[in-house]
Each structure stands twice: as C-alpha cells, then as structure tokens.
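Chain and residue survey
Here are the chains, one letter per residue:
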Amino acid sequence: MKTMSLIVATALLVGAAPAALAQDSDSAKVSVTGQVAKLCVLGTPSNAVIDLGQMVDTSGARVGKRAAIGNKSVTLPGSFCNFANSVVTVNATALTADDATPAQSGFARAVNFTATASNWASTNAVATTTVDRQGAGAATTGSGSVQSLPKLADIGLTLSGYDVPGDLLLVSGGYTGSVTVTLAPEAVPAP
Amino acid sequence: MSRPALSHMRKDRRTAAVRALACVAALGALASGGVAAADSAAATRTMAVSGSTPEICALQPGAVQTGSLVNMTGLDGDTLRVAQFADPRTLAVRAADATLSISAVCNFPHKVRVQSENNGMWPGDGSQKLDANGFTSAVPYRARVTWNGASNTLETDARVRHQVEDELSVNSPAVGNVELHVEIAPGASNSQANAPLLAGTYTDTLRIFLEPL
Amino acid sequence: MIRKSSLALALALLGSTAAQAQTETAASNTASRAFQVTGNVPVICAGGALSGGDSTFALGVLVNTTTGLLRTDLSAPDKVLTGAFCSALSTISVAATRMTAQNVTTAAPAGFSNSVDFTATASGWTTTPASVNTAASTNPAATQSRTTPFSGNITVGLSNFATTGGTTLRPVADTSYLGSVTVTLTAAN
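Conventions we followed
- Residues numbered from 1 in each chain as written.
- Chains lettered and ligands numbered in written order.
- Predicted model: local features only at pLDDT ≥ 70, side-chain atom pairs only at ≥ 80, totals over all residues.
- pLDDT = per-residue confidence, 0-100.
- Helix = DSSP H or I, 4+ residues; strand = E, 2+ residues; numbered from the N terminus.
- Contact = placed C-beta atoms within 7 Å.
- Buried ≥ 20, exposed ≤ 12 C-beta atoms within 10 Å, placed from the backbone.
- Nonpolar A, V, L, I, M, F, W, Y, C, P; charged D, E, K, R; others polar.
- Pairing = 2+ DSSP bridges.
- Axes fitted to C-alpha atoms, helices over the stretch in contact; angles between N-to-C directions.

Turning our attention to the confidence of the model for chain C. All names here are of chain C. On average, chain C scores 87 in pLDDT, and the residues at 70 or more come to 85%. Looking over chain C, one finds the lowest element-wise mean pLDDT in strand S1 (residues 7-17), namely 40, and the highest in strand S10 (residues 130-133), namely 98. In this model, residues 1-25 is a region of pLDDT below 50 whose contacts with residues beyond four sequence positions or in other chains number 47 contacts. As a predicted assembly, this complex carries a pTM of 0.75 together with an ipTM value of 0.81.

Take a look at the structure:
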C-alpha cells in the first residue's frame, strides 16, 4: 500500500524589473523519485499450534500404535512479497516425546511427518522429517520453486504422512515438534 | 493493512478451506483431552485351573491287631487259622477270636459290605450230607465290621450253606482302618450247643467291599 | 513594462511504502512464522494374546488312584501372553484362587479336603517374577513394578500343588475342581 504526500513549496519571486532585460517565459527542472523497500509478510494464521490430538489406537489390532491421524492444515492469509523471485521454505522438526528418557526396546518416542507449504509457486515447499525411534536426526527443510512475480496469496501449511519409526509402540505422554514457514528472496549464489 | 481471508465474499476454495479448518481445529481440541484412557491403562487376563478327583476306594492287605488273637495262629496270607478248633475231650468248638485292621479309604459317600460266602464254617467241599444227629456239621460265627465310627455285625447261622451279607452306609468320604472282628463262640454249632464236631477242615470266606451307595 | 512573476513550483513528492502499517517491527524482505506441533499418547496397557491353546490350565486327575492322595507330579504347560505392553511405567500383579471341588458342597470330613492350593508365577515382565500362593496369608511378591515402558511376553506357570489343610489329607471325589489365575498390568499415570 502506498501513501503519498504532496508537499508543495511555492516561492513567489517579486522584485523590480530590471529596465533592460525582460523574459516572458522560463522553466525549471525537478526530478521526482520514490523508494519502495522489498518486503515479505506472512499472514497471521488462525492457530499457532497444530494439535494432532491422541496419536495411538486404544484398542484393536493396532492398540498402542500410531492411529490413522488425518491431515492438519493451517492458512497464512494475505501473505505477500512485493518483489519478484521470492521463495517459500518450510522447515520441519519431528514430534518427540516431552519425556527425554530413551525409549525401551519395542517402543518409539518420535513421530515423523511431512509439512507442505502451498499456493505460492508452481512447486510447493515440502519437508519430511526422518528421525529414528529415539528422535535422533536433524530438522529437515524444503523450498518451493521461485515465484517470479510479486505475489499476494493465502499460503497453506499442511501436515500429513505421519509415520512412527519401525511402526513401534509409542511411549505415553505429550509430544512436541515444530514447523517454520519462511518467505524470502530467492537465494542468489555469490559471484 | 489487512485483508482477512474470512471476510472475502468470494466463495473460492481457499476461503472454504479456512472455514473448514476452524471446525476441524475445534474437534481436534476436544479429542486430544478426553478419550477414555482409564479403560486402557490396565489390562487383565484370567485363566482357569481345572482338575478332577475320581471316586476311589482302596483297601490294603489286613493285619492282625496286636493282642487280639484268641485261639488263632494268625493271618497266613489272607487266611485266619484257628489254632485248636475242637476241644480235645468233648470235640465241641473252642472259642476263637481275632480282630483284623485293614487300612482303607473312600473319597466319596459309600457303603461297606461284609459278605460270608458260606454262612458259617463248613467242612471240606461241602458235600458232607451226613445227617449225623447230635454232631456239629457247620459252625456259625460272627463277623463285626467297624468303620468310620459305626459298626455292623454279620451273624452266620450255619444252617443253610449260602452267601449272606450285610452292609453299612457311610454318607461321607472316610479314611482309616476297617476293623473286622471275627468271633467264634465256644460250643458254636449248627445243631445244638457244644455238639461234637464231625471230622474235617472247616472254612468260610469273608469278603469286605467298599463301594458306591 | 511587463512584470512577470514566475511561480516556481518546487514539488517534492514523497512516496513511501507503508512501513508504518506493518505489525512487525522490522520491515524486511524475509518473513517467518513458527508453529508448534503437538500430540499426545495416553497411557495404555494391553494384555497380549494367549499363545497356543485355550486359557485353561488343565491338570487332569489330581490324585494317585491307589492311595487317593494328591499326585506329586501335577503339572500343566505354561501359558504365554505374547505382545503384552505398557506404554508407561507399570506394575504387574498376579492373583489366584485355589482349586475347589465344584459339586461337593458339604464340608470335607476328617482326613479329607475339598481344595488344592498352588503357586502361580508370572515372569518376563519384571526382574523378580510376580508370584502368589493360594495357601499363604500374605503374598508380598504378588505385585512387582517396573520403572520403564515395556513390551514383551509374560509366561504364566503353576507349581507347588498341595492339598489344603495338609499333605496327609485326601481330596474328596469330584469331577470338577476349579481355580483361577488372573494377571493384571496396570500403568501408572
């Protein structure tokens, strides 16, 4: 959005006319310039926390194992970059049990998932975590394709593809992971 | 600057997706706190243990109760022998007495049956048909069975040679010793008291049965 | 004489992008938002599946048929609960009821008994197996604890059979003596 202020300075030139020299026109040149910084903004989402709820079956053949957790989505409405060649990136950290005690044999304390940031460029940003049953492993990052035009859109973030390493039993308790969505200029390699 | 998506009037999918998310988020919040974990926090398995005890009666070989022998030599295998059956002067039957102890058990309500094969002691092969008046041709005696605190007496009268028996009901399991008291009275006779005995070997067979009611 | 006045117009156009309308303090070409992802797993214990056969320890004939006394070689194959687990620290406890004659309801007479005691042991869950003896007045070993989640097999076995009231007593005749063993896994919340 742009606002413009118009400041007008008026100078009145008044003086005795020299007797000899008279001009009936004159001109002066003024340059007009404006500055707009490059800016990306991510919209305020409806939730800052994505809760998967209860993650295991409590009865049946898969009792104690990962339940069929559905996809979870959040929107970042009205996100924009006012310059060309921006990229959306998603960084995901797998869910691990809040209790740091290593998991016993036959148990896992981590849940991997895939995070997808969509509706920015032709290719979505996708990151799939790959930690082991103890939760060891780095966070993963994925970037979408370059958006060559300035863009204003509702970016969608979806969590899907939940997977417990080894499909083992999950230790009880609360689990926490995280996802970070970033909008930034395309990274240009240094010359 | 703000362009909240929900305020858009266009019915595009983006808007619809955002509205739907609001509902899902609410359900998610309910589900995560309230599932009945109480039922699944404990697990129980019960297994039955079964067996059976069949009805059993068991009798061990008998033994003579110490000090109970009168005019008996003892138990020879399963034979009680009278030492001196007849008085040497009068040939009347001499008193004889013995009590046997037979270790026994029945683990269910049962009866004890005492059976005399001949209804008295008879000579030889029983073909004696001498109707010898005044003589004793068969000897009556008494067999008393005591078991589990109750007694029953079988009286043989030696008049007719046949099987006789008597029984005693025991309405519970019992374990202990069956006491068999064989008693030959002095002068016992199938004709008249003290009648002299005809010559021969006099025998009878007593059987004890422990069996279902 | 012509007087001219010139109006010189100095125009300054000032344009700026709406930095003041942003909520972020630093207007920047990079924006980032972090989301916490949460989930929970309730505490669950499952007793597993009984492997191989039914759930009854069938001892068969309990007595020596010559003496009527309890057999000294009574045994039944162990039962295994496979795939038992608790997703939190837990206790295992074993309880048992002695084998009692089911059809004979009168009190056993002298020299007899209408029940058979035994010991039931559940092993594989804890370092010290949980065990209970139906003749004992207290069974402190009947409950055992472990401090970590566990998944594995629990083996349940019977031993130490004895006629209630004394080894010289004889069980009364009955086609059905029946007792039971119960294994319970309880997770601590």
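A few words on unusual backbone geometry. In this structure, Asn119(A) is a non-glycine residue whose phi angle is positive, near 75 degrees. Among the secondary structure elements, Asn119(A) is positioned in the loop between strand S7 (110-118) and strand S8 (125-128). Given 18 C-beta atoms within 10 Å, Asn119(A) falls into the partly exposed group. A positive phi angle, near 60 degrees, is found at Leu91(B), a position not held by glycine. With respect to the helices, strands and loops of the structure, Leu91(B) is situated in the loop between strand S5 (79-82) and strand S6 (96-106). With 17 C-beta atoms counted inside 10 Å, the residue Leu91(B) sits in the partly exposed group.

So, about the interface of chain C and chain B. Listed by partner, the interface residues are 49 residues for chain C and 30 residues for chain B. Elements supplying a minimum of two residues to the side of chain C that touches chain B: strand S3 (45-46), strand S5 (56-61), strand S6 (79-86), strand S12 (150-163), strand S13 (170-171) and strand S14 (174-187) of chain C. With 14 residues, the single largest contributor to the side of chain C that touches chain B is S14(C). A breakdown of the residues in the side of chain C that touches chain B according to their chemical character gives 28 nonpolar, 18 polar and three charged. Bridge count for strand S1 (residues 42-53) of chain B against S5(C) is four bridges, and the pairing is parallel. Residue pairing for S5(C): Val49(B) is matched across the bridge by Phe57(C).

Time to look at the sheet that holds strand S7 (residues 110-116) of chain B. Residues and elements named next belong to chain B. Spatial ordering of the open sheet is given by S11-S7-S14, a layout of three strands whose pairing is antiparallel. Each edge of the open sheet is held by one strand with a lone partner, namely strand S11 (164-170) and strand S14 (206-212). Recorded for the sheet is a direction-independent mean angle of 20 degrees between the axes of neighbouring strands. Here S7 runs beside S14; their pairing, made up of seven bridges, is antiparallel. Its bridge partner lying in S14, Val 112 is registered against Leu 210.

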